[in-house]
Amino acid sequence: MSVAGEQNQRGGINVARLLMSFGPLLFLAALIVVFTVLKPSFMDPINLFNITRQISITGLIALGMTFVILTAGIDLSVGSLLAFCGMVAAVVAKGGTANTLSLSTSGTQGYGWFAALLAAVVVGAAAGGVQGLAITRLKVPPFVVTLGGLTVFRGLTLTISNGGPISGFDASMRWFGTGLIGPVPVPAIIFAVAAILCHIVLRYTRYGRAVYAVGGNAEAARLSGLRVDRILVSVYVIVGFFAGLAAFVLSARLNSSEAVAGIGYELTVISAVVIGGTSLFGGIGSVGGTVVGAALIGVLQNGLQFNNVSSYTQSIVIGLILILAVAFDRWLKSRVRR
Amino acid sequence: MSVAGEQNQRGGINVARLLMSFGPLLFLAALIVVFTVLKPSFMDPINLFNITRQISITGLIALGMTFVILTAGIDLSVGSLLAFCGMVAAVVAKGGTANTLSLSTSGTQGYGWFAALLAAVVVGAAAGGVQGLAITRLKVPPFVVTLGGLTVFRGLTLTISNGGPISGFDASMRWFGTGLIGPVPVPAIIFAVAAILCHIVLRYTRYGRAVYAVGGNAEAARLSGLRVDRILVSVYVIVGFFAGLAAFVLSARLNSSEAVAGIGYELTVISAVVIGGTSLFGGIGSVGGTVVGAALIGVLQNGLQFNNVSSYTQSIVIGLILILAVAFDRWLKSRVRR
Amino acid sequence: MPTAEAASPEPILLAVEGVTKHFAGVTALSDVSLDIRPGEILGLLGENGAGKSTLLKILSGVMPPSSGRIIFDGADYQPASPQDAKRLGIVTIYQELSLIPTLTVAENIFIGRAPTGPLGLVSWRRMEEDSRAIIARVGLTIDPMTPVSALSVAEQQLVEIARALSLKSRLIIMDEPTSALTETEVQRLLSIMDRLRRDKVAIMFVTHRLEEAAAICDRMTVLRDGRLAGHLDRDNGPIELPAIIEKMVGRAASELYARPAQRAIAGDIRLSVRGLRTVRDPEAPHAIVLDGVDIDLKAGEILGVAGLVGSGRTELARAIFGADRIAAGTITLDGRQIAPASPADAIALGIGLVPEDRKHQAIFAALGILPNFSVASLGHFSNGFGFMAERRERDALAGFRKMLSIRMASAEQAIEGLSGGNQQKVILARWLARDPKVLIVDEPTRGVDVGAKTEVHQILVQLAARGIAVMMISSELPEVLAVSDRIVTMRRGRITGQMQGVEANEEKLMELMALDRQDAKGQAR
Amino acid sequence: EDKLTILGSVPNLGFPFFVHMLNEIKAEAAAQGVNLTESDGQNSATKQTADIEAALVQKVNAIVISPLDVNALAPAIEEAVKAGVPVVTIDRRVDGVEGILAHVGADNVKGGEAEASAMVAAFPNGAKIFHLQGQPGAGPAIDRNKGVHNVLDPLKDKYQIIFEQTANFARAEALSVTEAGLAANGKPDAIVCANDDMALGAMEACAARNFTDVKIYGFDALPEALVAVRDGKLAGTVEQFPGEQSRTAVRIAVAYAKDKTEPKEKLVLLTPIVIGKDNLDKAERIGETK
Ligand SMILES: Nc1ncnc2c1ncn2[C@@H]1O[C@H](COP(=O)(O)OP(=O)(O)OP(=O)(O)O)[C@@H](O)[C@H]1O
Ligand SMILES: Nc1ncnc2c1ncn2[C@@H]1O[C@H](COP(=O)(O)OP(=O)(O)OP(=O)(O)O)[C@@H](O)[C@H]1O
Ligand SMILES: [Mg+2]
Ligand SMILES: [Mg+2]
């Protein structure tokens, strides 16, 4: 309904357009400046790489969530699905649920990192697909289906792991979470590559444009001959895939898959997407925005921790800044348009 | 946008219309039958009153959430706001944060239940109002503002309570949580009265009409002379008020206000509203539906616990049934329409 | 422009045989049959709610018929979705605009078939260039990279027409493509249709402007209450309007479209606008900016406002109504200067506005007719405690239902189930219930059938007779001429001329509407 | 300033137990004259890991941590060890990481065993038991559950768990779960809870039904629970001496950071005890109940 205020206005002056799309980016830059002034070691490359590694998990899921939200959908199940895929990956990597507590790898028993990765993304994509079908076939709103999924996947995770963690993967798997290429953490590289691919898909493929169309007006998209239901299912497959990928990276990083992983991630992930300028009403948004949104949250958390702000105060500040970042973006857009 | 599928089609045959609006109710009835067959003592009045008491907390908030969702808004902050208001009520009831641990009342120090109640609802309504202003003035979407609120109010709660609970209220306050009128628990009565009032307001007043209009088409509402912004702010005030009321009842019931109260309530509350047939796109829904939705969730949880179903399985079953309940409602409506 | 007399008739392209369609409680179509051949323009006519759009939606795969058979190109045709229709070369322009507001004009035109470059990636450059050429065919010169949400209704309609024309098609279905257009664009469209006819494309054309239909259609099929009311064929001589109308409404209609007598205007000046200017609104950057408008409106008069698309008529209405911000100028109501900051203020002062974009600005689609009707008069229909006086509300609605002959099942029926014309009548009733001092109606008969149109005209005249000052914006000159006591013309945010209704004719108005002198700041007092 | 800085990290400051732990760390750090960087894991292993990483960048001199999850935090702790920062773990022991300076703790499994044993002692002739578990999948929930079952499973015949549900460590949930349990199964003899919050919730449920003689056991020895024990409303609660653990850990860490003093023992284990009415004075936080 109130799309008007969020329209991706084009055709104005170019500089204005540029500025406008940089609202969250400007805000991010300001945050970085503030934190650096407060404590110059914030800019230490190690810290910056820490931040990139920290945002890569929720960032990956946020990429998939961007597709979903562009269609005016939502996926609340991603946190639980992350835990579920992580557990599946762990079971595959360890060759079963037995011998799960050893921190050192169980050697010959497992099926190796590739099988684990494959299992995680396939299970994630399949779970997303099932939810997508429930949304399109049963006509249940995404909010409800994925809220159900949130509960179901958590229950499944606890069931297969019997509540406990599964720990201890071999070095080749752990590399995906803890390795470096040059000075850059592997998770950050995975995130960057995935972001670029997603950007290309959304901006330069027919499929990507169809995603925008469905989100802009599903009925009109249908009348224009798009297979709306297939596209809707596909975006849930995509976010599921990314939840699986993120789960693999997280398990590799923590050397452990936990049944309680990812609790509350859905809100962080959705925040990243929305702060990045993607409209919850669909049809408007970009991958670049999501990356900036994820970075903004990551920098904020790291910077506050870095300055030893008490955790209660952290909550308050983070909440306020989320609101302010979006408000600033809106304000900038309204200014620039005049 | 995709409202078409959710339209509150009226004017068909009357029986059909009746049936249709009873989708969730039929589902609820079926659940009750199943649980009674499994364990006849489920129908024991004690248990039924337990259920009514249990749903009254989230139910109260769900009443307020119905207003919000009818305007196509959402409030994710209710769980945190509940904790915040509860803590405020406790501080008022105990006359400060000192001497907070005694389970028996601190006697003369506090300001009594009425002041505590007043404080809770005023603070709740004010907090809601501030969020409403942020939504209408700063043009930040409700999802973002209240997500920020979720974090901010939790931080504030932890700050005033320093992480701990505040316990021990006098009998007059505790009565609101644990008392009975005849055989009926007081919280259930409060919930019932509130539900009836909300129903009357939404169905029979000018204000209620305006809420539906704003949710149905905000632009048309503005051009019809409604003060859209005021109405939007007002619904957040209402949900805040109910969060405060629920907080008071919860504190009275537990004889304690905890900083961790209400975590995750937003999803339960929104579920209740949506299962009850209120559209997340606004303009369609009813208080009756919300009450049924809340009851459905309450019966489900209680029934599964009653049968000592393992908590892992409970998660799975609850998630699936939420989806099925809404799917059934949709299916019924589509059948009745043809 | 009669068709070249075909020696051997083309084989039938599409035949509809005994199609029936039921909705919950409503039979929209009942045993309708018709056919169309390549190179033929078939007019589909009927009153509001006659079932025209329903039939077209069945043909374009949006919904299945309840019973009946359709044959396309000699084969059974049962489209499951719009794609199926599209694949066979059946292209539809829907009555309710079906563009995607968040996407650009170019993307809307190339939806699902964006031109791709190397690697199969979308080529934005080619999309922009190609779409610029496509929209130029219908006379649009806007930047194709503009988002559709920034366009006026008329421009959106043109984009939709352009898109349909750019698709390879054997049958084009047009459901009221001209309802938002002014004369110039209509003429352009008609000539395009004529060209398509020569290329052996079949066209089904729905309009409530019967002159258009008479001018372009080879044959006409008329629906009445979901049933076939008859066919009219040009082979048996030119089709006359009265004949169409008689078939549509089922009675001889002599006084339809008759020009109501011009009344002597005795009233005082009720609304006076001086030097009205607006600023560019960031939300609608392409909107016309008013550039010093002066206008007077007397009690009891109907002031017609004519102009081409984009002349700023809608902006003028919205500015007076407090819906847009005013940069400079004064508005005086009954001698008192007013400054409505919001529609609520304007309404409180006794001003009403029936907006041009019914779907987005007027109706609450999912709500019942009753709340749609009373939303602007909640104060009037409620008691001192804020409770709705539903009895009073229903009685009032029943009164207007009779007065405006609104076809509806019940007050609870969702308004989206009504035909467009009946929706419009409900919106009119919304404002009549307030008994305003000034009523501004923007395209009041868009999509309204000929019978109802006359009714609306009569209603406007009656309102004026009660002393209400009516300002009527319309893109249909015959309508402007039929009801206006006085007419002003606009162009580019300025008033370019005015005349008494009796003096006016289409030629004079067209000339003023096209007037482009900078000094054309005509005064309208 | 060249004062030493240590990181004190706890799993979740939403729970009073860890608030107390961090407060004690704070107090001891002040006593030792070192700066403290505080970290709240906010119930997320990734958050706690990120906090450690941030601290390493800031070159803290030592880390005192109660890990949210011993497996998931292992890589971060390993990183710290590799960076040459001494790490002392509290409460939950991380196996498999070489080079941790010391561990000070009281095993949750042992605590669970102590709790169940106290219950068994109170009912020599057997009992019908409700068991309220913590948040599924959370470390302490798993360990405490294991401890309880270690004791009760061999005694199945006499000590039946007739109702076993999670209440997610939360008081409100414990209240409604217990209500359901009471309605379904009638009055039990004892309710064993995985933390004090749940015990206090169960207590309210029993009070509402006037089942005042049900023996309810909690865990953590929070002041509020101690008051309830004193008033005879709770039968007991498990004391793991988190304050003592924290202080000891800080002392060990600071000593090493100052002049590489190796701790006398690498493993300091405090035996958890069950606080009942009779040994309230043993409770670490009894002073706070006044
Ligand atoms: N989705 C629907 N549900 C219920 N009734 C409908 C629906 N769509 C159309 N109708 C009913 O079917 C009848 C025919 O409607 P239709 O839209 O085909 O009329 P139309 O001839 O196109 O009218 P107009 O000239 O006003 O566009 C009307 O009575 C309308 O109320
Ligand atoms: N030169 C132009 N460049 C771009 N857009 C234009 C131009 N001229 C007109 N328009 C379009 O015309 C619209 C403004 O027309 P407005 O609604 O004010 O006039 P109107 O006379 O009521 O026309 P309409 O018949 O469309 O309602 C704008 O939304 C704009 O998109
Ligand atoms: Mg129609
Ligand atoms: Mg206009």
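See the structure above.
Not measured: the values here are computed from a predicted model. (Residues numbered from 1 in each chain as written. Chains lettered and ligands numbered in written order. Predicted model: local features only at pLDDT ≥ 70, side-chain atom pairs only at ≥ 80, totals over all residues. Heavy atoms only, no water.)

## Comments concerning the overall build of chain D
Now for step 1: Scanning chain D from terminus to terminus reveals nine helices and 12 strands.
Now for step 2: Projected onto its principal axes, the C-alpha positions of chain D cover 60 × 35 × 30 Å.
Now for step 3: In chain D, once contacts between residues fewer than 6 apart in sequence are set aside, the share between residues at least 24 apart is 72%.
Now for step 4: As displayed, chain D has an accessible area near 10,000 Å², and 48% of this comes from carbon and sulfur atoms. (Helix = DSSP H or I, 4+ residues; strand = E, 2+ residues; numbered from the N terminus. Contact = heavy atoms within 4.5 Å. Areas by Shrake-Rupley, 256 points an atom, 1.4 Å probe, with all protein chains shown as cover.)

## Description of the interface of chain B and chain A
Now for step 1: Listed as interface residues are 39 residues of chain B and, on the opposing side, 39 residues of chain A.
Now for step 2: Joining chain B to chain A, the criterion identifies zero salt bridges.
Now for step 3: The tally of links from chain B across to chain A stands at zero residue pairs in polar contact (both at pLDDT 80 or more).
Now for step 4: At 13 residues, helix α6 (residues 142-161) of chain B tops the list of elements feeding residues into the side of chain B that touches chain A.
Now for step 5: When grouped by side-chain class, the residues that make up the side of chain B that touches chain A number 26 nonpolar, 11 polar and two charged. (Salt bridge = Lys/Arg side-chain N within 4 Å of Asp/Glu carboxyl O. Polar contact = N/O pair within 3.5 Å; in protein donor to acceptor, adjacent residues only side chain to side chain. Nonpolar A, V, L, I, M, F, W, Y, C, P; charged D, E, K, R; others polar.)

## Considerations on the sheet that holds strand β5 (residues 102-105) of chain D
Residue and element names in this part refer to chain D.
Now for step 1: Taken together, six strands build an open sheet; the order of strands is β2-β1-β3-β4-β5-β11 and the sheet is parallel. Among the strands making up the open sheet, the edge pair consists of β2 (35-40) and β11 (267-269). With strand direction ignored, the average angle separating the axes of adjacent strands in the sheet is 15 degrees.
Now for step 2: With three bridges connecting them, strand β3 (residues 62-65) and strand β4 (residues 87-90) associate as parallel partners. When the sheet's bridge partners are listed, V64 is paired in β4 with V88.
Now for step 3: Sitting on the sheet, helix α1 (residues 16-32) touches β1 (5-10), β2, β3 and β4, and the angle it makes with β1 is about 170 degrees. (Pairing = 2+ DSSP bridges. Axes fitted to C-alpha atoms, helices over the stretch in contact; angles between N-to-C directions.)

## Re the relation of the copies chain B and chain A
Now for step 1: At an RMSD of 0.2 Å, chain B and chain A line up after a rotation of 180 degrees and a shift of 0.1 Å along the axis. Such a combination of rotation and displacement between the chain copies is what one expects of a two-fold axis.
Now for step 2: When the interface residues of chain B are mapped onto chain A, 100% of them again fall at the interface, so both copies present the same face. (Least-squares fit on C-alpha atoms with pLDDT ≥ 70 in both.)

## Section: unusual backbone geometry
Residues and elements named next belong to chain A.
Now for step 1: We note that N255 has phi near 55 degrees; this positive angle belongs to a residue other than glycine.
Now for step 2: Along the chain, N255 falls in the loop between α11 (228-254) and β4 (256-257).
Now for step 3: We classify N255 as buried; its relative accessible area is 5%. (Buried < 20%, exposed > 50% of the residue type's maximum accessible area, 1.4 Å probe, protein only.)

## A look at helix α4 (residues 78-94) of chain A
Residues and elements named next belong to chain A.
Now for step 1: If you check α4, its first and last C-alpha atoms are 24 Å apart, about what 17 residues at 1.5 Å a residue would give, namely 24 Å.
Now for step 2: The element α4 is largely enclosed, with a buried count of 16 among its 17 residues.
Now for step 3: Backbone geometry just downstream of α4 places G95 in the positive-phi region, at approximately 75 degrees. (Expected span 1.5 Å × (residues − 1).)

## Comments concerning the coordination of the magnesium ion (ligand 4)
All names here are of chain C.
Now for step 1: T314 (OG1) and E356 (OE) make up the full set of protein donors to the magnesium ion (ligand 4), lying at 1.9 to 2.6 Å. Here T314, found in helix α9 (residues 313-320), pairs with E356, found in the loop between β16 (351-354) and α11 (358-362); they are 42 residues apart in sequence, far enough to count as distant.
Now for step 2: A relative accessible area of 15% means that T314 is categorised as buried. (Donors = N, O, S within 2.8 Å, 3.2 Å for Na, K, Ca; no water.)

## So, the coordination of the magnesium ion (ligand 3)
Residues and elements named next belong to chain C.
Now for step 1: Around the magnesium ion (ligand 3), the protein contributes the donor atoms S53 (OG) and Q95 (OE1), at 1.9 to 2.0 Å from the metal centre. In this pair, S53 sits in helix α1 (residues 52-59) while Q95 sits in the loop between β6 (90-93) and α3 (105-109), placing the two residues 42 residues apart along the sequence.
Now for step 2: Its relative accessible area of 24% is what places Q95 among the partly exposed residues.

## Quick word on the packing of helix α9 (residues 206-216) of chain B against helix α11 (residues 228-254) of chain B
All names here are of chain B.
Now for step 1: Look at α9 against α11: their axes get within 10 Å of each other, and the N-to-C directions meet at 105 degrees. By the criterion of interaxial angle, the relationship of α9 to α11 is roughly perpendicular. Judged by residue contacts, Y207, A210, V211 and V214 of α9 engage V228, I231, L232, S234, V235 and I238 from α11.
Now for step 2: Within the contact of α9 with α11, the residues separate by chemical class into nine nonpolar, one polar and no charged. (Parallel < 35°, antiparallel > 145°, perpendicular 65-115°, else oblique.)

## Comments concerning the site of ligand 2
Residues and elements named next belong to chain C.
Now for step 1: Taken together, 16 residues lie near ligand 2, and E155, S311, R313, T314 and E315 sit nearest.
Now for step 2: Between G312 and ligand 2, the recorded distance is 3.0 Å, taken from a backbone N or O atom to an oxygen atom.
Now for step 3: Here ligand 2 has 620 Å² of accessible area as a free molecule, and 79% of this is covered by the chains.
Now for step 4: Listed by contribution, the elements that provide at least two residues to the shell around ligand 2 are α5 (153-166) and α9.
Now for step 5: Ranked by the residues each element gives to the shell around ligand 2, the list is headed by α9, at three residues.
Now for step 6: Counted by class, the shell around ligand 2 contains five nonpolar, seven polar and four charged residues. (Near = heavy atom within 4 Å.)

## Re the site of ligand 1
Residue and element names in this part refer to chain C.
Now for step 1: Around ligand 1 lies a shell of 19 residues, among which N48, S53, T54, H208 and G417 are the nearest.
Now for step 2: Taking S53, its side chain carries an N or O atom lying 2.6 Å from an oxygen atom of ligand 1.
Now for step 3: Here an oxygen atom of ligand 1 sits 2.9 Å away from a polar atom, N or O, in the side chain of Q95.
Now for step 4: Protein burial of ligand 1: of its 630 Å² of free accessible surface, 82% is covered by the chains.
Now for step 5: Breaking the shell around ligand 1 down by element, the ones donating at least two residues are β2 (26-36), α1 and α14 (420-432).
Now for step 6: Tallying contributions element by element places α1 first for the shell around ligand 1, with three residues.
Now for step 7: A per-class count over the shell around ligand 1 returns five nonpolar, 11 polar and three charged.

## Focus on the environment of A:I181
Residues and elements named next belong to chain A.
Now for step 1: Along the chain, the position of I181 falls in strand β2 (residues 180-181).
Now for step 2: Taking the relative accessible area as the measure of exposure, I181 reaches 43% and is therefore partly exposed.
Now for step 3: Excluding its chain neighbours within four sequence positions, the residues that come into contact with I181 are W175, V186 and I189.

## Side note on the pairing of β4(D)
Residues and elements named next belong to chain D.
Now for step 1: The side-chain alternation of β4 yields two buried faces, one formed by V87 and T89 and the other by V88 and I90.
Now for step 2: Read as a crossover between parallel neighbours, the route from β3 over helix α3 (residues 74-82) to β4 is right-handed.
Now for step 3: Bridge count between β4 and β5: three bridges; the pairing is parallel. Of the residues in β5, the one forming a bridge with V88 is A102. (Right-handed = clockwise from strand over helix to strand, strands pointing away.)

## With respect to the packing of aromatic side chains
Now for step 1: Summed over all chains, the structure comprises 28 aromatic pairs over all chains.
Now for step 2: Here B:F42 and B:F306 contribute two aromatic rings whose centre-to-centre distance is 5.8 Å and whose plane-to-plane angle is 90 degrees, an arrangement assigned as edge-to-face. Taken as a pair, B:F42 in the loop between α2 (23-38) and α3 (45-70) and B:F306 in helix α13 (residues 287-306) lie far apart in primary sequence, 264 residues in all. With respect to burial, B:F42 and B:F306 carry one shared label: buried.
Now for step 3: Three or more aromatic residues joined by ring pairs form one cluster here, namely A:W113, A:F114, A:W175, A:F176 and A:F248.
Now for step 4: Geometry around A:Y204 places A:R203 over its ring, the cationic atom sitting 5.5 Å from the centre. (Phe/Tyr/Trp six-rings, centres within 6.5 Å; stacked < 30°, edge-to-face > 60°. Lys NZ or Arg CZ within 6 Å of the ring centre and 35° of its normal.)

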